[in-house]
Amino acid sequence: MPFKNLNIIEPILRALKTEGYTKPTPIQEQAIPIVLEGKDLLGCAQTGTGKTAAFAIPILQILRGEQHPEPHLIKGPRVIKSLILTPTRELAVQIGESFTAYGRHTGLRHTVVFGGVSQHAQTNALRSGIDILIATPGRLLDLMHQRFIHLQHVKIFVLDEADRMLDMGFIVDVKKIVAKLPTQRQTLFFSATMPTEIQRLANTILTHPEKVAVTPPATTVEAIEQSVYFVAKSDKRLLLIHLLKDKSIESALIFTRTKHLADRITRDLVQAGVNADAIHGNKSQNARQRALNSFKLKKLRVLVATDIAARGIDVDNLSHVINYELPNIAETYVHRIGRTGRAGLSGVAISFCDAEEKPYLRAINRLISKTIPVVEDHPFPLSHIGPGKHQDEVVKGVTGTVRSFGSLKASRRKWSGARRGR
Ligand code: AMP
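Residues numbered from 1 in each chain as written. Predicted model: local features only at pLDDT ≥ 70, side-chain atom pairs only at ≥ 80, totals over all residues. Heavy atoms only, no water.

With respect to the site of the ligand
Counted only if it meets this: Throughout, the term near means that a residue has one or more heavy atoms lying within 4 Å of the molecule or strand in question. By the criterion applied in these results, polar contacts are pairs of N or O atoms within 3.5 Å in which, for protein atoms, one can donate a hydrogen and the other can accept it, and in which residues neighboring in sequence qualify only through two side-chain atoms. Exposure was quantified through the Shrake-Rupley algorithm and a 1.4 Å probe, taking into account, for residues, occlusion by the shown protein chains and nothing else. Gly is placed with the polar residues, together with every amino acid not listed as nonpolar (Ala, Val, Leu, Ile, Met, Phe, Trp, Tyr, Cys and Pro) or charged (Asp, Glu, Lys and Arg).
Around the ligand sit 13 residues in total, of which Tyr-21, Gln-28, Gly-48, Gly-50 and Thr-52 are the nearest. Contact between the ligand and Thr-52: an oxygen atom at 2.5 Å from a side-chain N or O atom of the residue. For the ligand, whose free accessible area comes to 500 Å², the fraction covered by protein is 71%. Considered class by class, the residues forming the shell around the ligand number three nonpolar, seven polar and three charged.

Observations concerning the environment of Arg-264
Which entries qualify depends on this criterion: Runs of H or I in DSSP of at least four residues are treated as helices and runs of E of at least two as strands, each being numbered from the N terminus. Throughout this description, buried means an accessible area under 20% of the type-specific maximum (1.4 Å probe, protein chains only), exposed means over 50%, and partly exposed covers the range between.
Structurally, Arg-264 is set in helix H12 (residues 259-271). In this structure Arg-264 comes out as partly exposed when scored by relative accessible area, which is 37%. The spatial distance from the C-alpha of Arg-264 to the C-alpha of Val-304 is 9.8 Å, given a sequence separation of 40 residues.

Some points on the pattern of salt bridges
As a reminder, the rule being used: Counted as salt bridges are all cases of a side-chain nitrogen of Lys or Arg within 4 Å of a carboxyl oxygen of Asp or Glu.
If you walk through the whole model with that rule in mind, you get 17 salt bridges. Among the salt bridges present, the one from Glu-66 reaches Lys-155, with a minimum N-O distance of 3.1 Å. Of this pair, Glu-66 sits in the loop between helix H3 (51-65) and strand E2 (82-85) while Lys-155 sits in the loop between helix H6 (137-145) and strand E5 (156-159), and the two are 89 residues apart along the sequence. In this structure, the salt-bridge partner of Glu-356 is Lys-233, at a minimum N-O distance of 3.4 Å. Placement of Glu-356 in the loop between strand E13 (347-353) and helix H16 (358-368) and of Lys-233 in the loop between strand E8 (224-230) and helix H11 (236-243) is noted, with a sequence separation of 123 residues between them. One salt-bridge network, held together by shared partners, links Lys-236, Arg-257, Glu-325, Asp-354 and Glu-357.

Some points on the packing of aromatic side chains
Note the cut-off: Geometry of aromatic contacts follows a simple scheme: Phe, Tyr and Trp rings, the Trp one being its six-membered ring, pair when their centres are within 6.5 Å, and the pair is stacked under 30 degrees between planes, edge-to-face over 60, tilted otherwise. For a Lys NZ or an Arg CZ to count as sitting over a ring, it must be within 6 Å of the ring centre and within 35 degrees of the ring normal.
Enumeration over the complete set of coordinates arrives at four aromatic pairs. Consider the rings of Tyr-229 and Phe-352, whose centres lie 6.2 Å apart with planes at 70°: the pair is edge-to-face. Taken together, the positions of Tyr-229 in strand E8 and Phe-352 in strand E13 put the pair 123 residues apart, joining distant regions of the chain. An aromatic cluster is defined as three or more aromatic residues linked by ring pairs; in this entry it consists of Tyr-229, Tyr-324 and Phe-352. A cation sits over an aromatic face here: Lys-358 above Phe-230, 4.8 Å from the ring centre.

Points about the nonpolar core
Stated precisely, the cut-off is as follows: Nine residue types can take part in a nonpolar core, namely buried Ala, Val, Leu, Ile, Met, Phe, Trp, Tyr and Cys, and a core is a set of them joined through side-chain atoms within 4.5 Å. Contact criterion: two residues are considered in contact whenever any of their non-hydrogen atoms come within 4.5 Å of each other.
Core analysis: the largest hydrophobic core is formed by 38 residues, its most contacted members being Phe-55, Ile-57, Ile-59, Ile-84, Phe-99 and Leu-188. Within the residue set of this core, elements represented by two or more residues are helix H1 (10-19), helix H2 (26-36), H3, helix H4 (89-102), strand E4 (132-135), E5 and strand E6 (186-191). Residue contributions to this core peak at nine residues, all from H3. If we ignore the near neighbours within four places in the chain, the residues touching Ile-57 are Phe-3, Ile-8, Ile-12, Leu-16, Ile-32 and Tyr-102. Formed by 33 residues, the second largest nonpolar core is a distinct cluster that contains Ile-149, Leu-159, Ile-198 and Leu-201.

Observations regarding helix H9 (residues 196-205)
In plain terms, the rule: What the arc measures is the spread of directions leading from the helix axis to the C-beta atoms.
Taken residue by residue, H9 has Ile-198, Leu-201, Ala-202 and Ile-205 as its buried positions. Considered in projection along H9, the buried side chains sweep an arc of 100° and stay on one side of the axis. Pointing more than 90 degrees away from the buried face of H9 are the exposed residues Thr-196, Arg-200, Asn-203 and Thr-204. Next to the buried residues of H9 lie strand E1 (41-44), E5, helix H7 (162-167), helix H8 (171-179) and E6.

Describing the packing of H1 against H3
Selection rule: Between N-to-C directions, angles cover 0 to 180 degrees, with each direction set by a line fitted to C-alpha atoms, over the stretch in contact for helices. We call two directions roughly parallel when the angle between them is under 35 degrees, roughly antiparallel when it is over 145, roughly perpendicular when it lies between 65 and 115, and oblique otherwise. Left-handed describes a crossing in which the near helix is turned anticlockwise from the far one by less than a right angle; the clockwise case is right-handed.
Taken N-terminus to C-terminus, the directions of H1 and H3 make an angle of 150°; their axes are 10 Å apart at the nearest point. In terms of axis orientation, H1 runs roughly antiparallel to H3. The interaxial crossing formed by H1 with H3 has right-handed handedness. In this structure, H1 contributes Pro-11, Ile-12 and Leu-16 to the contact, and H3 contributes Ile-57, Leu-60, Gln-61 and Arg-64. Split into classes, the residues belonging to the contact of H1 with H3 amount to five nonpolar, one polar and one charged.

Some words on the sheet that holds strand E11 (residues 302-306)
Applicable threshold: Two strands qualify as a pair provided that DSSP identifies no fewer than 2 bridges between them.
Read across the open sheet, the six strands follow the order E8-E13-E12-E9-E11-E10; overall the sheet is parallel. The open sheet terminates on both sides in strands that have one partner only, identified here as E8 and strand E10 (276-279). Here the average twist between neighbouring strands, direction ignored, is 20°. Relative to E11, strand E9 (residues 252-256) is paired through five bridges, and the arrangement is parallel. Residue pairing across strands places Thr-256 opposite Thr-306, the latter belonging to E11.

Let's talk about the side chain of Lys-51
On the secondary structure map, Lys-51 appears in helix H3. Look past the residues within four positions of Lys-51 in its chain and what remains in contact with it is Ile-27, Ala-45, Gln-46, Asp-160, Glu-161 and Phe-190.

Structural data, given as structure tokens:
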């Protein structure tokens, strides 16, 4: 079905053509008519499904329809008519880019506000008057307190990635923001997963919503070659360096649960001669964007990220995702490995599992309804020796470097052979 069957107006159709979009994705096909009718929407969809356009296109169309035919005759500055609330800076920037792309012929103006950078450029943009605001919760509240932002004219509110808001501890902030919105409004609520607390939040802020769900996780998971290595926590570093000697790993996104560990792994990898960098919330916005761009351009082979920082990262041809630590929420595993295997391409997802993480692995296997194959033949098996001791023996026994392991190469050959054969 082409976009024009969804009754999209010509200026937006033209912009979509420039973007090279030929037909709507499933979430767009379902959500756009609902939003254009002015109804509330509960969308169960994750990044990568085209959900940004699913809300951006109808918002642009509705606001364009309400535009004054001669905007220069309007007295006073523009007011914010649509608010998009999203959890991370990366997502905010990507959503801003989408509005720029789809709205380029509409005459509507938007801006993006997020923390971690000076507010000066953001307040200047706000002062000049905008129709659409894309924001992360902390900076939005801050600018509202400073009276740079007023939400009383908002007609369409989007809550993006609600489950991430919960994970990141933003739910109280979200509720504070919602309390400042007019009660008469259209609300679009997106979440990849629907835990009880999110369902409860949705019930409080939506009015008779239409529900739309797209389920790429299952299909995505199918297309990805997954494996798990049982390894002691203290041996994960050695196993990672060992695996990265395989040159067929062209680009790898490595996940950790904490910023501290992301930094430590990056240091270890750089020391071992691997081209790696980290992105997480403690890094400046510029440093994160720089690392992400190098990774996208394939100048950087390995990017180490926390779940939060990696949210919304959209990298073409990402060959490997490595879970250095298993996530304690099974859905997060699906989010993580969904970064590879995009657009029907095959991808490889490798997970390290130490003794304490075994319950997480069981939960993941349950969620994806299959048992992730275990790679048993590797140099750092989780043995009866226990964490720590094994590594000491390794270092003492073998002249201090991983490279001197005779068995490593053989095992790697076996591992790559197994992969090729699968
Ligand atoms: P999102 O889920 O919004 O992060 O979108 C994922 C990617 O799909 C982005 O790179 C979009 O530019 C792209 N995209 C969105 N809608 C379409 C479409 N209808 N056709 C082709 N690509 C699209």
